[in-house]
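Observations on the model geometry
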Amino acid sequence: MLSESEKKVIAFIQRDIPVVERPFLALAEQTDMTETEFLSVLNDLCQRGVIRRLGATLRHQKSGFEANAMTAWRVAENRIEEVGQKMASYREISHCYRRNPAPGWPYNLYTMIHARDEASCIEIARKISVETDVGDYELLFSRKEMKKTSMEYFRDDEVDPD
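Below, the structure is looked at part by part. Each chain carries its own residue numbering, running from 1 in the written order of its sequence. In view of the model being predicted, local features appear only for residues whose pLDDT reaches at least 70, and side-chain atom pairs are presented and counted only at 80 or more, with totals across whole chains, interfaces and linings using the full set of residues. The side-chain figures draw on all heavy atoms in the structure; neither hydrogens nor water molecules are used.

Once that is clear, we can look at helix H5 (residues 118-132). In an α-helix, one full turn covers 3.6 residues, which means residues spaced three or four apart are oriented alike. Secondary structure follows DSSP: runs of H or I at least 4 residues long count as helices, runs of E at least 2 residues long count as strands, and numbering of each begins at the N terminus. Under the convention used throughout, the expected extent of a helix is 1.5 Å for every residue step, that is, one less than its residue count. Relative to the 21 Å expected for 15 residues at 1.5 Å per residue, H5 spans 21 Å between its end C-alpha atoms, a close match to the ideal helical length. Only protein chains enter the area calculation, which uses a 1.4 Å probe; residues under 20% of their type maximum are buried, those over 50% are exposed, and those in between are partly exposed. When we look at burial in H5, the residues that qualify are Cys121, Ile124, Ala125, Ile128, Ser129 and Thr132. Summarising the axial view, the buried residues of H5 lie within an arc of 140°, below the 170-degree limit, and thus occupy one face. Those residues of H5 that are exposed and angled more than 90 degrees off the buried face are Ala119 and Val130. Contact between two residues is taken to exist if any of their heavy atoms lie within 4.5 Å; hydrogens are not considered. Lining the buried residues of H5 we find strand S1 (67-73), helix H4 (80-88), strand S2 (93-98), strand S3 (109-115) and strand S4 (137-141). Arc definition: it is the arc formed by the directions from the helix axis to the C-beta atoms.

Structural data, given as C-alpha cells:
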C-alpha cells in the first residue's frame, strides 16, 4: 500500500516537470510539501523499486527538430554492447534499445535520430554506420504522431490532501 504522500508525489512526477532551476521545489510547492520532504518520498519510492526510473521526453518539434527516424540496425550480438554505447553517445540520438530480431526483420538495435530535416537524419545514420562499421540498417521516418502520453497511475485531483 502506498501512503497518500507517496501517491501525491507519483501523481505530480507523472506530469510535465517544470523547466526551472529547481523543478522538484516547484512540484513540492504544489503538493504542500517541502522540497526536502518531496525528494525524500521520491528517493524512498526509488529505493523500494516502486519507481524504477525517471525519464524525460524530448518534444523535438518544439526544439527545432523537424525530422526523426527510428533506425533499425543489424549488429553482431558480440558487438551489441560496444556499438550500443557508441551510438547512444551521439547527441542526435535520444533513444537506443536492443531488441530481439523477428522473422523477416533481422534488426536488433534501434536508435531514434533527431535532426532538422530528413536529409540530415540520413547523413547522421551514414556517419554512425561508418564509425561503428555497421552497414545493415533501415531508417523509419515518423510521418504522423498518433499518440504520445505517459502512463498515469494517480491523478493529483484524485489524491486525498493528507
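Our next topic: the pairing of S1. Of all seven residues in S1, six are buried, a share of seventy percent or more. Strand pairing is assigned whenever DSSP identifies at least 2 bridges connecting the two strands. Two elements, S1 and S3, share seven bridges in a ladder whose sense is antiparallel. From the neighbouring strand, Asn68 faces S3, where its bridge partner is His114.

Another aspect to go through is the nonpolar core. Core analysis: the largest hydrophobic core is formed by 18 residues, its most contacted members being Trp73, Val75, Met87, Leu109, Ile113, Cys121 and Ile128. Elements that contribute at least two residues to this core include exactly S1, H4, S3 and H5. Of all the elements, H5 adds the most residues to this core, at four residues. Take the buried residues of types Ala, Val, Leu, Ile, Met, Phe, Trp, Tyr and Cys, join any two whose side-chain atoms come within 4.5 Å, and each joined set is a nonpolar core. The next biggest cluster of nonpolar side chains, apart from the first, holds 13 residues, and it includes Val9, Leu27, Ala28 and Ile51.

A few words now on the packing of H4 against H5. Look at H4 against H5: their axes get within 11 Å of each other, and the N-to-C directions meet at 140°. The pairing of H4 with H5 is recorded here as oblique in orientation. Every pair of crossing elements has a handedness; the one defined by H4 and H5 is right-handed. Residues Val83, Lys86 and Met87 of H4 pack against Ile128, Glu131 and Thr132 of H5. Of the residues that constitute the contact of H4 with H5, the class distribution is three nonpolar, one polar and two charged. Note on geometry: axes are C-alpha line fits, over the in-contact stretch for helices, and angles between N-to-C directions span 0 to 180 degrees. The labels follow the angle: roughly parallel below 35 degrees, roughly antiparallel above 145, roughly perpendicular from 65 to 115, and oblique for the rest. Two helices crossing with the near one rotated counterclockwise from the far one by less than a right angle form a left-handed crossing, whereas a clockwise rotation gives a right-handed crossing. Gly is put with the polar residues, along with every residue not named as nonpolar or charged; the nonpolar set is Ala, Val, Leu, Ile, Met, Phe, Trp, Tyr, Cys and Pro, and the charged set is Asp, Glu, Lys and Arg.

With that settled, consider the packing of aromatic side chains. When two rings of Phe, Tyr or Trp (its six-membered ring) have centres within 6.5 Å they constitute a pair, described as stacked for plane angles under 30 degrees, edge-to-face for angles over 60, and tilted for the intermediate range. Scanning the model with the defined rule gives three aromatic pairs in all. With 4.6 Å between their ring centres and 65° between their planes, Trp105 and Tyr107 make a pair best called edge-to-face. Here Trp105 falls in the partly exposed class, since its relative accessible area comes to 30%. A ring is scored as having a charge over it whenever the NZ atom of a lysine or the CZ atom of an arginine sits within 6 Å of its centre and within 35 degrees of its normal. Above the plane of the ring of Tyr97 lies Arg99, whose end atom (NZ or CZ) is 5.0 Å from the centre.

Here helix H1 (residues 4-13) lies mainly inside the structure; seven of its ten residues are buried. Glu6, Lys8, Val9, Ile10, Ala11, Phe12 and Ile13 are the residues of H1 that are buried. Of the surrounding elements, those touching the buried residues of H1 are helix H2 (23-30) and helix H3 (35-47).

For the rest of this paragraph, the subject is unusual backbone geometry. Although it is not a glycine, Asp32 sits at a positive phi angle of roughly 60°. With respect to the secondary-structure elements, Asp32 resides in the loop between H2 and H3. Taking relative accessible area as the criterion, Asp32 reaches 73% and is therefore assigned exposed. Even without being glycine, Asp133 reaches a positive phi, approximately 60°. Relative to the helices and strands, Asp133 resides in the loop between H5 and S4. With relative accessibility at 63%, the residue Asp133 sits in the exposed group.

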